[in-house]
Amino acid sequence: MEASEEEKQLDLDEFVVGSLPTLIYVPNFISDSEQTDLLHHIYQVPASRWKSLKNRRLQNWGGVVHEKGLLPQELPPWLRKITHKICQQTGLFPSAINHVLINEYLPDQGMMPHQDGPAYFPVVAIISLMSPLVIDFTPHPRLRKLNPDETTTEESEVICEKNDDRKDCSLLLMPCSLIIFKDEAYSDYLHGIQDSQLHSLRKVVNITRCPEFKQTNTFPEKMESSDIEQSNVYRRTNTRISLTCRLVLKVHKNLFKF
Ligand SMILES: O=C(O)CCC(=O)C(=O)O
Ligand SMILES: [Fe+2]
């Protein structure tokens, strides 16, 4: 018997993009109706579910993540459906995804470059909804490789980004897509989203995987960068939602066991 759509595992090698180990981009991972369904649930929760940050708002599902693990709360069925699909189709998670952050970004909002915390299993799956944007991966400055003539005996780390042989790269995240990052992209790189309406496409490594992406933008005259001549800038005009789906291996059943 053939595996049903739900059980079918993706051949992930087909979806690896760029040269940084390892970025995986799966266009149209969810259908338009799955997207509509998710948005319906996301926007009908009580206002108190949203936590407002300085430059974005978010919903936290699955419980509270502490350094020592997760104080769990069951995911609602509408999120379990999507996390189950990610686990089944990628085969990258040793047990069920148990934590989801939903971030909402207005067109001029983003997220500072950061690394995800140590509590998580080092594979991150992010579903994008509504409108495209660019996510940037930059080498962690503390982990820069040193030239031998720069190294001193005490010096195991140097905070300096210049002359790094590891390259920045970016991914264009279309609505309904899934990205996964793991390995070095997880451990040695920061990821972030520029908090500006204009996103540079210059370092995007998956543009050929986004055939439906249209450059229909006009640019302010004061911008003279060669990026614009080459249509290398994307102007964000709409809100974007993401679901960051992760696994916390250590789960505390009881608060008092902390
Ligand atoms: O919204 C995104 O694509 C990134 C979210 C993220 O990095 C996070 O939740 O840690
Ligand atoms: Fe993150």
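Residues numbered from 1 in each chain as written. Chains lettered and ligands numbered in written order. Predicted model: local features only at pLDDT ≥ 70, side-chain atom pairs only at ≥ 80, totals over all residues. Heavy atoms only, no water.

Caption draft 1: Structural context of the overall build of the protein. Counting its regular elements, the protein contains 4 helices and 15 strands. Within the structure as shown, the protein displays about 14300 Å² of accessible surface, and the carbon and sulfur contribution to it stands at 51%. (Helix = DSSP H or I, 4+ residues; strand = E, 2+ residues; numbered from the N terminus. Areas by Shrake-Rupley, 256 points an atom, 1.4 Å probe, with all protein chains shown as cover.)

Caption draft 2: Here's a closer look at the sheet that holds strand S15 (residues 240-246). An order of S1-S11-S8-S15-S6-S3-S2 is seen for the 7 strands of this open sheet, with the pairing classed as antiparallel. Each end of this open sheet is capped by a strand with a single partner; those strands are strand S1 (23-26) and strand S2 (51-53). Along the sheet, successive strands turn relative to each other by an average axial angle of 20 degrees, direction set aside. Where strand S8 (residues 123-129) and strand S11 (residues 178-182) come together, 5 bridges link them in antiparallel fashion. For Ile 127, the partnering residue across the bridge sits in S11 and is Leu 178. (Pairing = 2+ DSSP bridges. Axes fitted to C-alpha atoms, helices over the stretch in contact; angles between N-to-C directions.)

Caption draft 3: Layout of the coordination of the iron ion (ligand 2). Each protein donor to the iron ion (ligand 2) is listed here as His 114 (NE2), Asp 116 (OD) and His 191 (NE2); together their distances run 2.0 to 2.2 Å. Here the donor residues of the iron ion (ligand 2) share one chain and are spaced in sequence as H-x1-D-x74-H. Residue classification places Asp 116 among the buried residues on the basis of a relative accessible area of 13%. (Donors = N, O, S within 2.8 Å, 3.2 Å for Na, K, Ca; no water. Buried < 20%, exposed > 50% of the residue type's maximum accessible area, 1.4 Å probe, protein only.)

Caption draft 4: Spotlight on the site of ligand 1. In the vicinity of ligand 1 lie 13 residues, with Tyr 105, His 191, Arg 240, Ser 242 and Thr 244 positioned nearest. In this structure, an oxygen atom belonging to ligand 1 sits 3.2 Å away from a side-chain N or O atom of His 114. Its free accessible area being 300 Å², ligand 1 has 97% of it covered by the protein chains. Elements with a minimum of two residues in the shell around ligand 1: strand S6 (99-105), strand S7 (111-114), strand S12 (189-193) and S15. No other element matches the 4 residues that S15 contributes to the shell around ligand 1. Looking at side-chain class alone, the shell around ligand 1 contains 5 nonpolar, 5 polar and 3 charged residues. (Near = heavy atom within 4 Å. Polar contact = N/O pair within 3.5 Å; in protein donor to acceptor, adjacent residues only side chain to side chain. Nonpolar A, V, L, I, M, F, W, Y, C, P; charged D, E, K, R; others polar.)

Caption draft 5: Region of interest: the side chain of Asp 136. With respect to the helices and strands, Asp 136 occurs in strand S9 (residues 133-139). In terms of polar contacts, Asp 136 uses its side chain to reach the side chain of Ser 170, at 2.7 Å.

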